[in-house]
Amino acid sequence: MIHHISSLLDKYLEFIMANKNLSKNTYLGYKSDLSEYIKFTNVKTKSDLIEVDLKSYIKYLAKNFSRKTHCRKLSSVKNFYKYLFEKKTVVSNIFSNIEFPKSSKSIPKVLEKNEILKIIEKSHENKSFKGQRLTLMIELLYATGVRVSEMVSLKLGDINEDLSQIIINTKGNKERVIPIISSVKRRLNNYLNELKTNFKKKKGPIFIFPSNSKEGHITRNRFFQLLQNLAITVGIEKDRVSPHVLRHSFATHLLEKGVDLRLIQESLGHKDISTTEIYTHLDGKRLKNVLENKHSLKKDIDKLIKI
């Protein structure tokens, strides 16, 4: 049976549209990038997919496009091949070792997964309402990658009824919808029950993370202080920890698990994928160490991030 490339491409596009909650523009971007790749490599059937001249394609990207566009197009094709390999449509993933172009940008500071788990586990010891508030903020930030300013100002109305999604209102009255994973959803449900009990007489919108500040919600600086103090208690230097480091860690750890760069871009709310590309420039030695230890961490990390 001959598998024509057009049918394989259609199936993949249907898959990502149904399973990855893509915006229309992101979907069209995938379609355009993959169509261009197929045309350039003259792939016609399944067997052609693993016989293409990768060097020529990479040279074509480097010669004709900016690093930003190069990364985007390469990300599209890499994930197409990853899908085909996982579905056993192709016998090998020839793009698995193809790297993104190098950047002069510095690598963002991140915490290791086990370090974040230590901070979260320590936060569980405080069973008070404020303790629960801090735990939820840490888990929510690490599980969604939202900006700290977006998180601290969340209101009850920004979360849908079944607690499966957060709606972030961005500049220009645009909305960004971010899914909430099951482990955080359970904690959020318990926390909100107590919040509604404590603030049921309050008039107007209720902030999810209320405080006595003039804004009516915990400030980003106060959260920063609480997070650093917690990190110190588990032996992590305060200079290595900040809300933004948790955001960086979210993106970096997802990339290490093979998540598509464009999906990370949408979660972070980056308008330009070049901003997100900084996470592709991981130190080779560090990545090797992470992969070698992946099995021992997997059980715990899966509680926090489930793709």
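Residues numbered from 1 in each chain as written. Predicted model: local features only at pLDDT ≥ 70, side-chain atom pairs only at ≥ 80, totals over all residues. Heavy atoms only, no water.

Peer 1: Could you clarify how one ought to interpret the overall build of the protein chain in this entry?
Peer 2: Counting its secondary structure elements, the protein chain contains 14 helices and two strands. The buried share of the protein chain, taken over its 307 residues, is 46%. A sequence separation of at least 24 residues applies to 65% of the contacts in the protein chain between residues at least 6 apart. (Helix = DSSP H or I, 4+ residues; strand = E, 2+ residues; numbered from the N terminus. Buried < 20%, exposed > 50% of the residue type's maximum accessible area, 1.4 Å probe, protein only. Contact = heavy atoms within 4.5 Å.)

Peer 1: What am I meant to see in helix α6 (residues 129-144) here?
Peer 2: Since there are 3.6 residues in each turn of an α-helix, residues three or four apart along the chain are aligned in direction. Between its terminal C-alpha atoms α6 stretches 22 Å, which fits the 22 Å expected from 16 residues at 1.5 Å a residue. Counting buried residues along α6, 14 of its 16 residues qualify, which places the element largely inside the surrounding structure. Of the residues flanking the end of α6, it is Gly145, one or two places downstream, whose phi is positive at about 75°. (Expected span 1.5 Å × (residues − 1).)

Peer 1: Which parts of the structure should I look at to understand the packing of aromatic side chains?
Peer 2: Each aromatic ring pair is specified by the distance between its two centres and by the angle formed by the two planes. Under the counting rule described, the total for this entry stands at 15 aromatic pairs. Arranged with centres 4.8 Å apart and planes meeting at 80°, the rings of Tyr37 and Tyr57 form a pair that is edge-to-face. In this pair, Tyr37 sits in helix α2 (residues 24-41) while Tyr57 sits in helix α3 (residues 54-64), placing the two residues 20 residues apart along the sequence. Accessibility assignment for this pair places Tyr37 and Tyr57 in one class, buried. Ring geometry for Phe40 against Tyr60: centres 4.4 Å apart, planes inclined by 20°, an arrangement best described as stacked. Of the two residues, Phe40 is situated in helix α2 and Tyr60 in helix α3; the sequence distance between them amounts to 20 residues. Ring pairing ties together the aromatic residues Tyr12, Phe15, Tyr37, Phe40, Tyr57, Tyr60, Phe65, Phe80, Tyr81, Tyr83 and Phe95, which thus form one cluster. The side chain of Lys73 reaches across the aromatic face of Phe65, ending 4.8 Å from its centre. (Phe/Tyr/Trp six-rings, centres within 6.5 Å; stacked < 30°, edge-to-face > 60°. Lys NZ or Arg CZ within 6 Å of the ring centre and 35° of its normal.)

Peer 1: What is the right way to read the environment of Asp33 from this model?
Peer 2: Its location among the elements puts Asp33 in helix α2. You can call Asp33 buried: its relative accessible area is 1%. Of note is the side chain of Asp33, whose polar atom sits 3.4 Å from the side chain of Lys73. (Polar contact = N/O pair within 3.5 Å; in protein donor to acceptor, adjacent residues only side chain to side chain.)

Peer 1: What am I meant to see in the nonpolar core here?
Peer 2: In globular proteins that are soluble, nonpolar side chains generally tend to be buried together. Within the largest apolar cluster, 46 residues are counted, with the highest numbers of intra-cluster contacts made by Leu111, Ile119, Ile138, Met151, Tyr191, Phe209 and Phe223. Those elements that place two or more of their residues in this core are α5 (113-123), α6, α7 (148-152), β1 (165-170), α8 (182-198), α9 (220-233) and α10 (243-256). Looking at this core, the element that brings in the most residues is α6, giving nine residues. Leave out the neighbours within four places in its chain, and Ile119 touches Leu111, Ile138, Leu227, Leu230, Ala231, Val234 and Ile236. Ile5, Leu9, Tyr30 and Tyr57 belong to the second-largest nonpolar core, a separate cluster that totals 28 residues. (Core = buried A, V, L, I, M, F, W, Y, C linked by side-chain atoms within 4.5 Å.)

Any link to function would need more than the numbers given here.
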